[in-house]
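Structural overview for review
Below are the chains, spelled out letter by letter.
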Amino acid sequence: MSQPTLGFLGAGKMATALARGFLKAGLAAPGSLVASDPFPAARDAFAAATGGRIVESNPAVAADADVLFVAVKPDQVGAVLSGLRPHLHPARHLVISIAAGVPLSRLEAEAPGIRCIRVMPNTPALVGASASAYACGAGVTAADAELAERLFGSVGIALPVKESLLDAVTGLSGSGPAYGFLMIEALADGGVAAGLPREVAQKLAAQTLLGAAAMVLETGQHPGALKDAVCSPGGTTIEAMHVLERGGVRGSLISAVRAAAEKAKNLGRS
Ligand SMILES: NC(=O)c1ccc[n+]([C@@H]2O[C@H](COP(=O)([O-])OP(=O)(O)OC[C@H]3O[C@@H](n4cnc5c(N)ncnc54)[C@H](OP(=O)(O)O)[C@@H]3O)[C@@H](O)[C@H]2O)c1
């Protein structure tokens, strides 16, 4: 499959963000994108953002596409796949589900004999900066996994994990954008309290977190070492560090990720 046709079952926010990323990265052309969605506004937005074709039904997507992205809400996945069953062909189709909490065993039960990959992306896919992890089901080939990694890598990074770790991924990177937004808001509040105009404070806060993240990713250095390098003896930063440690920020973040991972595990059971 050099450039497979990509089909989207559900043309909502994530489907549109992913399709745009694939186009931008040159992994798809508008003519190789097809989607269906019962919601007219979603169909229009997908078509306007990607130039992809909208078809009337999910079976029509399966008729046109090799890779099928399941991009509906988790409670709609069963109905979508079972309705599609007669139209799925093991030799042709690869199913990639981004539905949170829906296990591979469920996908494989609804689409027997079809190769399935489960991906947990996050919302920064909307701006090409997603952190995704994926797990492969039975019969998935190295080429399938490589394709998934290339596709999701085009809107950020994509890392393979064991399926049992996807709840931990949900707790860290799935929910993580919210942790970042909270930190940006709080840092901006601090800037305002110290006298900065709100707009300036918010931009500085967001760019500072972006810069810190880029340094970790680009240098590969331990974040603790990078932190130490900013803390000059008797300086301002170590003073702030003491306040953060006294406030239990480190422990709160660890507990937040664990709580979200636990919640994801329980949702997957229900
Ligand atoms: N957004 C995120 O941050 C995020 C992150 C990771 C994973 N995900 C996962 O991505 C999936 C999609 O999320 P989203 O935010 O893109 O949701 P969304 O914007 O609501 O998109 C889902 C779309 O699928 C449509 N749909 C419903 N039933 C359908 C059917 N039978 N056939 C075809 N289309 C159907 C929905 O239409 P109606 O509105 O008419 O129902 C909606 O337009 C979810 O499973 C979510 O867990 C999302």
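Attention here is on the structure that accompanies the text. Predicted, not measured: the structure shown is a model, and the values here were computed from it.

1. Observations concerning the layout of surface pockets
- If you add up the space inside the second largest pocket, you get close to 780 Å³.
- What lines the second largest pocket is a set of 32 residues, among which K13, M14, A71, V72 and K73 lie closest to the centre.
- Put simply, the parts of the chain that give the lining of the second largest pocket at least two residues each are α1 (13–24) and α2 (40–50).
- Sorting elements by how many residues they give to the lining of the second largest pocket places α1 first, with three residues.
- For the lining of the second largest pocket, a count of residues per class yields 18 nonpolar, nine polar and five charged.

2. Regarding the sheet that holds strand β5 (residues 94–97)
- Read from one edge to the other, the open sheet built from eight strands follows the order β3-β2-β1-β4-β5-β6-β7-β8, with strand pairing classed as mixed. Whereas interior strands pair on both sides, the edge strands pair on one side only; in this sheet they are β3 (53–54) and β8 (156–160).
- In this structure, strand β1 (residues 6–9) lies alongside strand β2 (residues 33–36), joined through four bridges in parallel fashion. Looking at β2, one finds that F8 is bridged to A35.
- Of the strands in this sheet, β1, β2 and β4 (67–70) are in contact with α1, which crosses β1 at around 170 degrees.

3. Some thoughts on the site of the ligand
- K13, M14, D37, V72 and T123 are the nearest of the 22 residues found near the ligand.
- Burial of the ligand by the protein amounts to 78% of the accessible area it has alone, namely 890 Å².
- Mapping the ligand onto the cavity grids shows that it belongs to the second largest pocket.
- A class-by-class count of the residues in the shell around the ligand yields 13 nonpolar, six polar and three charged.

4. Some details on the packing of aromatic side chains
- Applying the stated criterion to the full structure yields six aromatic pairs.
- Taking the centre distance of 5.6 Å and the plane angle of 35 degrees together, the rings of F22 and F69 count as tilted. Of this pair, F22 sits in helix α1 while F69 sits in strand β4, and the two are 47 residues apart along the sequence.
- Residue class for F22 comes out buried when judged on its relative accessible area of 0%.
- Using a relative accessible area of 1% as the deciding quantity, one classes F69 as buried.
- Where F22 meets F152, the ring centres are 6.3 Å apart and the plane angle is 80 degrees; that geometry is what we call edge-to-face. Remark: F152 occurs in helix α6 (residues 142–153) and F22 occurs in helix α1; sequence separation between them is 130 residues.

Reading the values: rules and limits
Residues numbered from 1 in each chain as written. Predicted model: local features only at pLDDT ≥ 70, side-chain atom pairs only at ≥ 80, totals over all residues. Heavy atoms only, no water. 1 Å grid on protein atoms, 1.4 Å probe; cavity = no way out; pocket = protein on both sides within 12 Å on 5 of 7 lines; lining within 4 Å. Points joined across faces, edges and corners; volume = space filled by probe spheres on them. Helix = DSSP H or I, 4+ residues; strand = E, 2+ residues; numbered from the N terminus. Nonpolar A, V, L, I, M, F, W, Y, C, P; charged D, E, K, R; others polar. Pairing = 2+ DSSP bridges. Contact = heavy atoms within 4.5 Å. Axes fitted to C-alpha atoms, helices over the stretch in contact; angles between N-to-C directions. Near = heavy atom within 4 Å. Areas by Shrake-Rupley, 256 points an atom, 1.4 Å probe, with all protein chains shown as cover. Sits in = over half its atoms within 2 Å of the grid points. Phe/Tyr/Trp six-rings, centres within 6.5 Å; stacked < 30°, edge-to-face > 60°. Buried < 20%, exposed > 50% of the residue type's maximum accessible area, 1.4 Å probe, protein only.

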